Amino acid sequence: MTVPSAPIEEPGAFYQGLVAALRERRAELEPGERSFGADRPLTRAEVLEWVKFQAWYELQAVRFIGAWLAAGTDEDDALQGLTRQIGDEARHYRLFNRNLEGLGGTLQGWRPEPEWVAWVCEFYASGDDTLERVAAHNITGELGAFQAFESMMPRVPASTRRVIEKVMPDEKFHIALGRSIVRRHATTADAQARVRARVWRAFELEQAGRAAYERRVSALRDVA
Ligand SMILES: [Fe+2]
Ligand SMILES: [Fe+2]
């Protein structure tokens with residue numbers, strides 16, 4: 001992807017500018033792209049479908065961060081932070097999967113939407129170096145996940161709410177990890193252009209992923 005050249009910014013200000021731009025763009029989106037289930041009250045089937053998605057997503061995070069480490073993470077700050085993050089995501093998978101089972105659901109036989117595979121399994125797993133990987137997932141992805149948790153909280157059963165409450169502090173750490181890696185390593189115009197490109201591509205894929213959830217639950221509603 002060709003990225004227009006831009007003057008280099010102080011890395012902290014560069015990061016803050018990206019986060020502010022993401023927040024603005026998100027506020028302009030259609031409800032179905034801005035949040036899972038377009039902020040409306042959810043039926044039990046819709047909640048189950050989100051918990052399945054979330055359990056699956058947490059498991060994929062373990063896998064793609066593991067793939068980053070296997071591909072090579074040279075920065076010692078990133079190596080230590082991402083190693084902790086893998087443990088967190090594995091715990092989140094376990095928590096959501098148990099919650100799913102408690103609600104009477106299972107991931108057995110469940111299939112992700114193609115948009116979720118392109119976004120989570122393919123795009124987040126990709127990236128030429130730590131900066132590109134973390135830009136996509138620990139900026140756009142983790143901020144998006146945090147916003148999704150906030151929007152789901154009032155619309156899910158108490159047992160799911162308790163899981164979200166346990167998970168959210170870890171996601172804050174993952175966001176902070178992305179911020180510190182960008183501040184420390186996005187110090188050239190080229191690095192900042194690559195970060196920017198990954199952030200915005202992840203944002204497009206996230207919207208497509210949320211729209212795919214909307215399509216899936218509309219089909220469930222039609223069946224009901
Ligand atoms: Fe997580
Ligand atoms: Fe996370």
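Scroll up for the structure.
Residues numbered from 1 in each chain as written. Chains lettered and ligands numbered in written order. Predicted model: local features only at pLDDT ≥ 70, side-chain atom pairs only at ≥ 80, totals over all residues.

Enquirer: Tell me about the packing of helix 4 (residues 76-102) against helix 7 (residues 158-185), and name the residues and values.
Expert: Between helix 4 and helix 7, the least distance of the axes is 10 Å, while the angle of their chain directions is 160°. Taken as axis vectors, helix 4 and helix 7 run roughly antiparallel relative to one another. By crossing handedness, the relation of helix 4 to helix 7 is classed as left-handed. Of the residues in helix 7, those touching helix 4 at Asp77, Ala78, Gly81, Gln85, Asp88, His92, Leu95, Phe96, Asn99 and Gly102 are Ser159, Thr160, Val163, Lys166, Val167, Asp170, His174, Leu177, Ser180, Ile181 and Arg184. (Axes fitted to C-alpha atoms, helices over the stretch in contact; angles between N-to-C directions. Helix = DSSP H or I, 4+ residues; strand = E, 2+ residues; numbered from the N terminus. Parallel < 35°, antiparallel > 145°, perpendicular 65-115°, else oblique. Left-handed = near helix turned anticlockwise from the far one by under 90°. Contact = placed C-beta atoms within 7 Å.)

Enquirer: If you had to explain the nonpolar core to someone new, which residues and values would you point to?
Expert: In this structure, Val51, Ala135 and Val199 are the most contacted members of the largest nonpolar core, which totals 49 residues. The contacts of Ala135, once residues within four sequence positions are left out, are Val182, Val195, Arg198 and Val199. (Core = buried A, V, L, I, M, F, W, Y, C linked by C-beta atoms within 7 Å. Buried ≥ 20, exposed ≤ 12 C-beta atoms within 10 Å, placed from the backbone.)

Enquirer: Residues and numbers for the environment of Phe149, please.
Expert: Tracing the sequence through the fold places Phe149 in helix 6 (residues 130-152). Through-space distance from the C-alpha of Phe149 to that of Met168 is 7.7 Å; in sequence the pair is 19 residues apart. Those residues in contact with Phe149 that sit more than four places away from it in its chain are Ile164 and Met168.

Enquirer: Please provide a residue-by-residue account of the packing of helix 6 against helix 7, values included.
Expert: Put simply, helix 6 and helix 7 touch, their axes get as near as 9 Å, and they point 150° apart. What the angle tells us is that helix 6 and helix 7 run roughly antiparallel. Helix 7 is crossed by helix 6, and the crossing has left-handed handedness. For the pair formed by helix 6 and helix 7, the contact residues are Thr130, Leu131, Val134, Ala135, Asn138, Ile139, Glu142, Leu143, Ala145, Phe146, Phe149 and Met152 on the first element and Ile164, Met168, Glu171, His174, Ile175, Leu177, Gly178, Ile181, Val182 and His185 on the second. Looking at the contact of helix 6 with helix 7 residue by residue, the classes come out as 15 nonpolar, five polar and two charged. (Nonpolar A, V, L, I, M, F, W, Y, C, P; charged D, E, K, R; others polar.)

Enquirer: Kindly report on the environment of Lys172, identifying the contributing residues and their values.
Expert: As for its position among the elements, Lys172 is in helix 7. Given 11 C-beta atoms within 10 Å, Lys172 falls into the exposed group. Taking the C-alpha atoms as reference points, Lys172 and Asn138, separated by 34 residues in sequence, lie 9.9 Å from one another.

Geometry only, nothing functional implied.
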